[in-house]
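A closer look at the structure
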Amino acid sequence: MNKKKKTNYYFDSFPKLARYSVECGELILDFLNHYDTNRLEELKDRVHLLEHEADTLKHQVTEKLLKEFMTPIDREDIYELLRLIDNITDAIEEISLRLYLYNVQEVPHKFVELTEVTVNCMKETENCLSNIYDYLNIEVFNAFVDKVVKLEEKSDEIYISCVHALYEKEKDLRKLYVHEKLYELMEEVSDSCREVCRFVKNIALKNI
């Protein structure tokens, strides 16, 4: 007989919120692979729509939290985790906004590769949150967290390499500024993923 899957409104909401960041990242990655400057505003609007839907869900969860008497983990931890997940979606949305604001005419060197790693990092963060019911099983949960950390470290390596090459070769100051900013923003998305997973580990340590 199959064991009945645990359910909890808050634990179920965390990966749903993370899914919005993944969808934003996938939109941006697809756009970069079929780059068209005439569609920059369209990309910005589509990503913003997803970010708005994520904000709506976060608001609904927060409203429920304010009225809840009993919660599966500390109320403050739920609120902080909601904020940290929201940071990921905000960070990835910022990239689509900057592509539009700066009217970026060409994809920076290795930016697609960096975006691929970042999207995978967001997917693994979603997977990590989908398994949050096992957060007290440190050995099991650490495996999910480690995947995120390794991808974040890989994004760091690409970021450092790209920025170094940019300052070594780029003579156009405007392009240097814009491309460096895009690298920085993309790397910050992976940093935000790492913060989410590390915070869940901290929750586990508090509850063991």
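Source: prediction; values computed, not measured. (Residues numbered from 1 in each chain as written. Predicted model: local features only at pLDDT ≥ 70, side-chain atom pairs only at ≥ 80, totals over all residues. Heavy atoms only, no water.)

1. A short note on empty space enclosed by the protein
This structure, assessed with the given rule, holds one cavity of 30 Å³ or more. A volume near 40 Å³ is recorded for the largest cavity. Every residue along the wall of the largest cavity is listed here: Leu17, Ala54, Lys58, Leu82, Ile85, Asp86 and Thr89. When residues of the lining of the largest cavity are traced back to their parent elements, those giving at least two are helix H2 (40–67) and helix H3 (75–101). At four residues, H3 tops the list of elements feeding residues into the lining of the largest cavity. Of the residues in the lining of the largest cavity, the class split is four nonpolar, one polar and two charged. (1 Å grid on protein atoms, 1.4 Å probe; cavity = no way out; pocket = protein on both sides within 12 Å on 5 of 7 lines; lining within 4 Å. Points joined across faces, edges and corners; volume = space filled by probe spheres on them. Helix = DSSP H or I, 4+ residues; strand = E, 2+ residues; numbered from the N terminus. Nonpolar A, V, L, I, M, F, W, Y, C, P; charged D, E, K, R; others polar.)

2. Some points on the packing of H3 against helix H4 (residues 111–130)
Two numbers describe how H3 lies on H4: the axes approach to 13 Å, and their chain directions differ by 160°. In terms of orientation, H3 lies roughly antiparallel with respect to H4. For H3 against H4, the interelement crossing comes out left-handed. Mapping the contact onto sequence places Leu81, Ile85, Ile88, Ile92 and Ile95 in H3 and Phe111, Met122, Thr125 and Leu129 in H4. Split by residue class, the contact of H3 with H4 holds eight nonpolar, one polar and no charged. (Axes fitted to C-alpha atoms, helices over the stretch in contact; angles between N-to-C directions. Parallel < 35°, antiparallel > 145°, perpendicular 65-115°, else oblique. Left-handed = near helix turned anticlockwise from the far one by under 90°. Contact = heavy atoms within 4.5 Å.)

3. Focus: a nonpolar patch on the surface
Taken together, the side chains of Leu136, Leu205 and Ile208 make up a nonpolar region of the molecular surface, amounting to roughly 330 Å² of accessible area. Relative to the elements of secondary structure, Ile208 occurs in the segment after helix H6 (173–207). Taking the relative accessible area as the measure of exposure, Ile208 reaches 67% and is therefore exposed. (Patch = residues over 30% accessible without salt bridge, like charges linked within 9 Å, V, L, I, M, F, W, Y side chains within 5 Å. Areas by Shrake-Rupley, 256 points an atom, 1.4 Å probe, with all protein chains shown as cover. Salt bridge = Lys/Arg side-chain N within 4 Å of Asp/Glu carboxyl O. Buried < 20%, exposed > 50% of the residue type's maximum accessible area, 1.4 Å probe, protein only.)

4. Brief notes about the nonpolar core
Judged by nonpolar contacts, the single largest core of 69 residues is most densely connected at Phe14, Leu81, Ile95, Leu129 and Tyr135. Of all the secondary structure elements, the ones that give two or more residues to this core are helix H1 (9–33), H2, H3, H4, helix H5 (138–169) and H6. With 14 residues, H6 is the largest single contributor of residues to this core. Every residue in contact with Leu81, bar those within four places of it in the chain, is listed here: Phe14, Leu129, Ile132, Val196, Phe199 and Val200. (Core = buried A, V, L, I, M, F, W, Y, C linked by side-chain atoms within 4.5 Å.)

5. Re the packing of H4 against H6
It is at 10 Å that the axes of H4 and H6 come closest, and there the two elements cross at 15°. Between H4 and H6, the angle falls in the class roughly parallel. Relative to H6, H4 is oriented so that their crossing is left-handed. For the pair H4 and H6, the contacting residues are Phe111, Leu114, Thr115, Thr118, Cys121, Met122, Thr125, Cys128 and Leu129 in the first and Leu182, Tyr183, Met186, Val189, Ser190, Cys193, Val196, Cys197 and Val200 in the second.

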